[in-house]
6 protein chains.
Amino acid sequence: MNNIAVFPGSFDPITTGHESIIKRALPLFDKIIVAIGKNQNKKSFFPLEKRKQWIEQVFAPYKRVEVVVYECLTVDLCKKMKARYILRGLRTSADFEFERSIGQINKQMHRSIETVFLLTTPELTALNSSIVRDIYRNGGDVSRFVPKGVDIKM
Amino acid sequence: MNNIAVFPGSFDPITTGHESIIKRALPLFDKIIVAIGKNQNKKSFFPLEKRKQWIEQVFAPYKRVEVVVYECLTVDLCKKMKARYILRGLRTSADFEFERSIGQINKQMHRSIETVFLLTTPELTALNSSIVRDIYRNGGDVSRFVPKGVDIKM
Amino acid sequence: MNNIAVFPGSFDPITTGHESIIKRALPLFDKIIVAIGKNQNKKSFFPLEKRKQWIEQVFAPYKRVEVVVYECLTVDLCKKMKARYILRGLRTSADFEFERSIGQINKQMHRSIETVFLLTTPELTALNSSIVRDIYRNGGDVSRFVPKGVDIKM
Amino acid sequence: MNNIAVFPGSFDPITTGHESIIKRALPLFDKIIVAIGKNQNKKSFFPLEKRKQWIEQVFAPYKRVEVVVYECLTVDLCKKMKARYILRGLRTSADFEFERSIGQINKQMHRSIETVFLLTTPELTALNSSIVRDIYRNGGDVSRFVPKGVDIKM
Amino acid sequence: MNNIAVFPGSFDPITTGHESIIKRALPLFDKIIVAIGKNQNKKSFFPLEKRKQWIEQVFAPYKRVEVVVYECLTVDLCKKMKARYILRGLRTSADFEFERSIGQINKQMHRSIETVFLLTTPELTALNSSIVRDIYRNGGDVSRFVPKGVDIKM
Amino acid sequence: MNNIAVFPGSFDPITTGHESIIKRALPLFDKIIVAIGKNQNKKSFFPLEKRKQWIEQVFAPYKRVEVVVYECLTVDLCKKMKARYILRGLRTSADFEFERSIGQINKQMHRSIETVFLLTTPELTALNSSIVRDIYRNGGDVSRFVPKGVDIKM
């Protein structure tokens with residue numbers, strides 16, 4: 001039986017923080033599924049196709065990383081994908097409170113699914129997609145905050 | 001003089017977390033007024049009539065629980081209802097920071113009104129209305145997260 | 001059946017923060033028992049007799065406030081005293097995390113005991129007994145931080 | 001070389017909390033630039049002109065306080081204004097987590113810019129613009145929460 | 001190459017919280033080393049021999065769990081044991097802040113070592129060894145808070 | 001009138017975190033007084049003479065940095081030194097809660113004294129003197145965590 005993890009998010013856009021978590025978690029799992037949630041209630045900033053393409057490009061050399069789009073509950077995606085783990089990065093204690101609620105509810109819905117957390121590295125702790133969008137909107141240079149090869153042009 | 005408490009919220013929808021707080025607080029007060037805030041700026045997910053009806057149904061056997069809809073400041077509702085207490089449940093420390101701000105401002109506006117907090121029980125700490133809506137929207141089963149008799153059908 | 005609350009602490013020394021919580025909680029309960037924990041493992045700064053006498057003096061005019069010393073678990077004291085409530089003040093979110101752990105464990109040991117929280121008033125949020133002891137030890141004037149009549153002399 | 005600080009915000013509306021931070025920080029800097037961010041994505045509650053006029057009125061007697069409107073990144077405004085410091089008030093630990101992220105990203109973009117924090121005074125800790133708007137919308141009296149002379153009429 | 005994790009602590013005493021984390025993490029690793037830190041500066045409550053024996057007893061049926069005592073840095077133990085992972089349970093956001101500091105410093109000392117976190121289950125969130133010791137010292141029944149078979153007698 | 005700041009601590013030992021705060025705050029003040037608190041109740045790990053000498057050595061080239069030892073309240077030291085500011089570094093939100101309490105009490109004792117906070121840089125956020133002592137005690141290499149020239153030998 002394989003150890004498969006789902007790494008869910010909106011990746012709007014993927015940041016070097018996401019990239020670091022996935023790469024560091026790879027030795028722990030047989031496969032990591034990067035799962036882009038399609039949320040009908042929240043409009044995304046970058047189009048879904050772009051967001052998916054950026055992630056695929058970043059992980060092209062990593063055969064054990066797969067990218068999917070999903071519209072159901074994360075735990076239902078896990079079941080469908082035979083994934084026993086949800087992978088998450090932890091940045092701040094505000095993050096933690098939020099993640100704990102989600103993780104505990106997920107576990108109540110499917111006892112066998114565990115959420116596994118890695119820490120963001122210190123120099124990436126301040127970073128999230130929302131800050132990247134803010135900088136982008138205000139005409140700042142976001143290239144240092146997204147993985148190499150992600151071409152967010154002005 | 002009676003001890004009356006107002007339990008304010010949007011109850012969109014009522015959860016087993018709300019239900020537990022109200023039932024556990026009942027011995028402490030002569031009456032608890034469950035007060036559904038009508039917020040013109042934030043659209044609710046479930047219609048007001050449904051939200052009210054669910055709460056009335058859950059507390060039908062409890063003569064000392066009353067359900068009202070209000071559109072003013074919570075402290076003004078308290079004055080009108082001759083309630084000296086605002087009842088709130090505490091789940092996480094993020095909750096606490098938010099509740100403290102509201103509680104202290106309320107007290108600055110009406111010195112005599114106290115906010116009284118009970119803890120959510122551990123197995124309900126992760127739960128809130130927003131998570132219930134998310135599960136519902138994604139086609140999950142919410143029946144374990146709302147009081148018995150609340151018929152949120154798919 | 002009466003509503004009795006235990007307000008436990010080491011009161012080393014009692015502060016205006018404690019005083020404020022007790023006075024504001026009095027209308028909610030029939031009796032409040034201020035319970036000084038005698039901890040064999042932690043040496044107190046002020047002698048037990050002094051700490052008890054200060055509290056008795058502050059609440060002498062309040063017939064529904066009682067002062068006791070105890071050496072057992074707080075929930076066992078509650079049972080002995082027929083108290084269904086533990087009263088606590090909440091200052092900061094660090095406080096909250098700690099109080100939540102204690103409150104939930106107490107509830108696991110005795111299902112019927114509820115912890116009821118009031119907020120400290122804003123101007124008293126920063127205050128605790130440990131800060132008062134620090135100021136005292138360094139020769140500062142603590143009179144504004146302890147209830148009127150508490151004569152902590154230099 | 002002068003010490004210039006930028007105090008950024010949306011000031012929707014300015015509160016006595018903002019006023020207190022600016023006045024208390026004045027001895028530390030040669031000039032404080034109150035910078036109203038014009039955010040195309042978030043609709044403000046009060047019109048920009050009103051928000052600007054209120055601040056100008058409050059600080060009319062303070063020659064070292066200047067008011068500007070900006071639409072770029074805060075760090076870019078700093079460079080343009082030759083300001084080495086960003087001034088911020090800290091209220092709660094939720095605030096702190098947020099401010100730390102912003103502050104660290106700002107520093108990554110412009111190494112030489114420091115964020116300097118002052119504490120809100122205890123009685124103003126609970127206050128922010130969003131609470132003032134809520135009270136205003138619900139017909140409450142906001143005059144005690146905004147600086148003298150700010151005429152938010154009902 | 002095997003995935004080995006170290007689960008460090010003082011286990012004074014082991015709780016059902018520790019037990020739950022280790023059992024739930026077992027499918028993720030090839031071996032988990034429960035490592036009891038011998039701290040010359042902090043006196044333990046229960047003797048080292050007892051603490052070790054209790055853990056060995058609980059995990060006797062689990063061939064992939066090993067128990068060791070160590071006196072060096074946790075990262076140095078990892079290197080000696082060829083463990084690439086440190087396993088930790090997360091309970092509260094206070095926990096998280098502390099664990100993040102330790103985790104980040106460990107990573108600065110040995111780049112290749114990752115800390116992996118699992119959440120405590122909701123009903124165990126309030127529990128830690130210090131609370132168990134408190135209950136024990138006060139003559140309370142700790143049997144529900146420690147793994148089956150751990151015979152902490154009064 | 002000059003802007004003088006006191007930077008209080010036990011500096012047991014001084015870390016690169018302390019060093020960074022002081023150097024970055026220097027342009028903001030005319031003088032920074034590094035003040036080593038002599039606490040009769042808490043035994044230090046490194047001798048006072050050593051701690052003082054290390055700081056003097058690090059800041060020898062900085063004429064506007066002064067090192068003192070004090071045994072009174074920090075606010076009383078400020079008055080004696082004619083310092084209107086207390087300088088502090090902020091690392092985590094746990095730090096913040098603690099610093100806010102101290103800062104607000106200090107302000108209640110001496111209205112004119114402001115506490116000014118700078119953020120630690122991300123890569124130093126995890127670091128504090130207690131972690132350095134732990135590493136040292138366990139035979140680890142602390143040289144990267146203390147300023148250049150501080151010779152903590154094994």
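Residues numbered from 1 in each chain as written. Chains lettered and ligands numbered in written order. Predicted model: local features only at pLDDT ≥ 70, side-chain atom pairs only at ≥ 80, totals over all residues. Heavy atoms only, no water.

**Comments concerning the interface of chain C and chain F**
Put simply, the test is: We call two residues contacting when some pair of their heavy atoms lies within 4.5 Å. Joining two parts hides part of their accessible area as seen by a 1.4 Å probe, and the buried area is that hidden amount summed over both. In protein, a polar contact requires one atom able to donate a hydrogen and another able to accept it; more generally it is a pair of N or O atoms within 3.5 Å, and residues adjacent in sequence count only if both atoms are side-chain atoms. Strands here are runs of E lasting at least two residues and helices are runs of H or I lasting at least four, both read from the DSSP assignment and numbered beginning at the N terminus.
Across the boundary between the two partners, chain C contributes 16 residues, which contact 12 residues of chain F. Between chain C and chain F, the buried area comes to about 1,200 Å², and carbon and sulfur atoms account for 58% of it. For the interface between chain C and chain F, the tally reads three residue pairs in polar contact (both at pLDDT 80 or more). For the side of chain C that touches chain F, the secondary structure elements donating two or more residues are α4 (93-109) and α5 (129-137) of chain C. With four residues, α5(C) is the single largest residue contributor to the side of chain C that touches chain F.

**Describing the interface of chain E and chain A**
To be explicit about the condition: Throughout this description, the term salt bridge denotes a Lys or Arg side-chain nitrogen within 4 Å of a carboxyl oxygen of Asp or Glu.
With 28 residues of chain E at the interface, the matching set in chain A holds 28 residues. Between chain E and chain A lies a buried interface of about 2,500 Å² when both sides are counted; carbon and sulfur atoms form 60% of it. Of all residues in chain E, Leu28(E), Phe96(E) and Leu119(E) bury the most surface against chain A, accounting for 23% of the area lost on that side. A salt bridge links Glu114(E) to Arg24(A), with the shortest nitrogen-to-oxygen separation between them at 2.8 Å. The tally of links between chain E and chain A comes to 11 residue pairs in polar contact (both at pLDDT 80 or more). Listed by contribution, the elements that provide at least two residues to the side of chain E that touches chain A are β4 (85-90), α4 (93-109) and β5 (114-119) of chain E.

**Structural notes on helix α2 (residues 48-58) of chain D**
At 3.6 residues per turn, the α-helix brings residues three or four places apart onto the same side. All names here are of chain D. Just so we agree on the cut-off: Relative accessibility decides the category of a residue: with a 1.4 Å probe and only protein chains considered, values under 20% of the type maximum give buried, values over 50% give exposed, and everything between is partly exposed. In this context, the arc is that of the directions from the helix axis out to the C-beta atoms.
For α2, the set of buried residues is Leu-48, Arg-51, Trp-54, Ile-55 and Val-58. The buried residues of α2 all sit within an arc of 135° when viewed along its axis, so they share a single face. Taken together, the buried residues of α2 touch α1 (16-25), β2 (31-37) and β3 (65-70).

**Focus: the relation of the copies chain E and chain A**
The condition is simple: Overlaid copies result from least-squares superposition on C-alpha atoms, with residues included only where pLDDT is at least 70 in both.
Relative to chain A, chain E is turned by 180° and slid 0.0 Å along the rotation axis, the superposed coordinates differing by an RMSD of 0.0 Å. As the rotation angle and translation indicate, the two copies are arranged about a two-fold axis. Take the interface residues of chain E: 100% of them recur as interface residues in chain A, which is what a same-surface contact looks like.

**Re the environment of Arg84(A)**
Residue and element names in this part refer to chain A. Positionally, Arg-84 belongs in the loop between α3 (74-81) and β4 (85-90). In this structure Arg-84 comes out as partly exposed when scored by relative accessible area, which is 26%. Along the primary structure Arg-84 and Val-6 are separated by 78 residues, whereas in three dimensions their C-alpha atoms are 8.3 Å apart.

**What about the pairing of strand β4 (residues 85-90) of chain C?**
Residue and element names in this part refer to chain C. Keep this limit in mind: Pairing between two strands requires that DSSP report at least two bridges joining them. By the criterion used throughout, a crossover qualifies as right-handed when its path from the first strand across the helix to the second strand runs clockwise, the strands pointing away from the viewer.
For β4, the buried fraction is high: five of the six residues fall into the buried class. In the sheet, strand β1 (residues 4-9) pairs with β4 via two bridges, with the strands oriented parallel. By the bridge assignment for β4, Val-6 is matched with Ile-86. Bridge analysis of β4 against strand β5 (residues 114-119) gives six bridges, and the strand direction is parallel. Bridge pairing in β5 links Gly-89 to Leu-118. In this view, the connection linking β4 to its parallel neighbour β5 by way of α4 has right-handed handedness.

**Section: the environment of Arg111(A)**
Residues and elements named next belong to chain A. Note that Arg-111 resides in the loop between α4 (93-109) and β5 (114-119). Among the residues examined, Arg-111 registers a relative accessible area of 55% and is labelled exposed. Each C-alpha atom, one on Arg-111 and one on Arg-84, is 9.9 Å from the other, the two residues being 27 residues apart in sequence.

**Examining the side chain of Thr74(C)**
Residues and elements named next belong to chain C. Among the structural elements, Thr-74 can be located in helix α3 (residues 74-81). Assessed through its relative accessible area of 18%, Thr-74 is described here as buried. What Thr-74 contacts, discounting residues up to four positions off in sequence, is Val-6, Pro-8 and Ile-86.

**Description of the pattern of salt bridges**
Residue and element names in this part refer to chain F. Evaluation of the coordinates by the stated rule reveals 60 salt bridges over all chains. Between Glu-19 and Lys-23 there is a salt bridge, with the nearest N and O atoms lying 3.1 Å from each other. Of this pair, Glu-19 and Lys-23 both sit in helix α1 (residues 16-25), separated by four residues, roughly a single helical turn. A residue is classified by how much of its surface remains accessible, and Lys-23, at 32% relative accessible area, is partly exposed.

**Remarks on the sheet that holds β5(C)**
Test applied: The angle between two axes is taken between their N-to-C directions and runs from 0 to 180 degrees, where each axis is a line fitted to C-alpha atoms and a helix contributes only its stretch in contact.
Pairing within the open sheet is mixed, and its 10 strands lie in the order β3(B)-β2(B)-β1(B)-β4(B)-β5(B)-β5(C)-β4(C)-β1(C)-β2(C)-β3(C). The open sheet has two free edges, formed respectively by β3 (65-70) of chain B together with β3 (65-70) of chain C, since each of these has just one partner strand. This sheet shows a mean twist of 35° between the axes of neighbouring strands, independent of strand direction.

**Structural notes on the pairing of β5(A)**
A regular strand carries its side chains on alternate faces of the sheet. When you tally the buried positions in β5(A), you get six out of six residues, the bulk of the element. The side-chain alternation of β5(A) yields two buried faces, one formed by Glu114(A), Val116(A) and Leu118(A) and the other by Thr115(A), Phe117(A) and Leu119(A). Examined bridge by bridge, β5(A) and β5(E) share three bridges and lie antiparallel to one another. What sits directly across from Val116(A), in β5(E), is Leu118(E).

**Description of unusual backbone geometry**
Omega for the peptide link from Asp12(B) to Pro13(B) comes to 5°, which places this bond in the cis form. Structurally, Pro13(B) can be placed in the loop between β1 (4-9) and α1 (16-25). Although it is not a glycine, Phe11(C) sits at a positive phi angle of roughly 50°. Within the element layout of this structure, Phe11(C) appears in the loop between β1 and α1 (16-25).

**Some words on the relation of the copies chain C and chain F**
You can overlay chain C on chain F at an RMSD of 0.0 Å; the transform is a turn of 120° with a shift of 0.0 Å along its axis. Here the two chains are linked by the operation of a three-fold rotation axis. Within chain C, the C-alpha atom positioned nearest to the axis of rotation is that of Ala94(C), 4.1 Å from it.

**Description of the sheet that holds β2(D)**
Note: strands within a sheet are paired through backbone hydrogen bonds, in either parallel or antiparallel orientation. What the 10 strands build is an open sheet, ordered β3(D)-β2(D)-β1(D)-β4(D)-β5(D)-β5(F)-β4(F)-β1(F)-β2(F)-β3(F); its pairing is mixed. One side of each edge strand has no neighbouring strand; the edge strands of this open sheet are β3 of chain D together with β3 (65-70) of chain F. Taken over all neighbouring pairs, the strand axes of this sheet differ in orientation by 35° on average, direction set aside. Sheet strands in contact with α1(D) are β1 (4-9), β2, β3, β4 (85-90) and β5 (114-119) of chain D together with β5 (114-119) of chain F, and its direction is about 115° off that of β5(D). Docked against the sheet, helix α4 (residues 93-109) of chain F engages β4 and β5 of chain D together with β4 (85-90) and β5 of chain F, running at close to 170° with respect to β4(F).

**Regarding the side chain of Glu97(B)**
Along the chain, the position of Glu97(B) falls in helix α4 (residues 93-109). Here Arg100(B) takes part through its side chain, which lies 3.2 Å from a polar atom of the side chain of Glu97(B). Other than its neighbours up to four places away in sequence, Glu97(B) contacts Ser93(C), Thr92(D), Ser93(D), Ala94(D) and Glu97(F).

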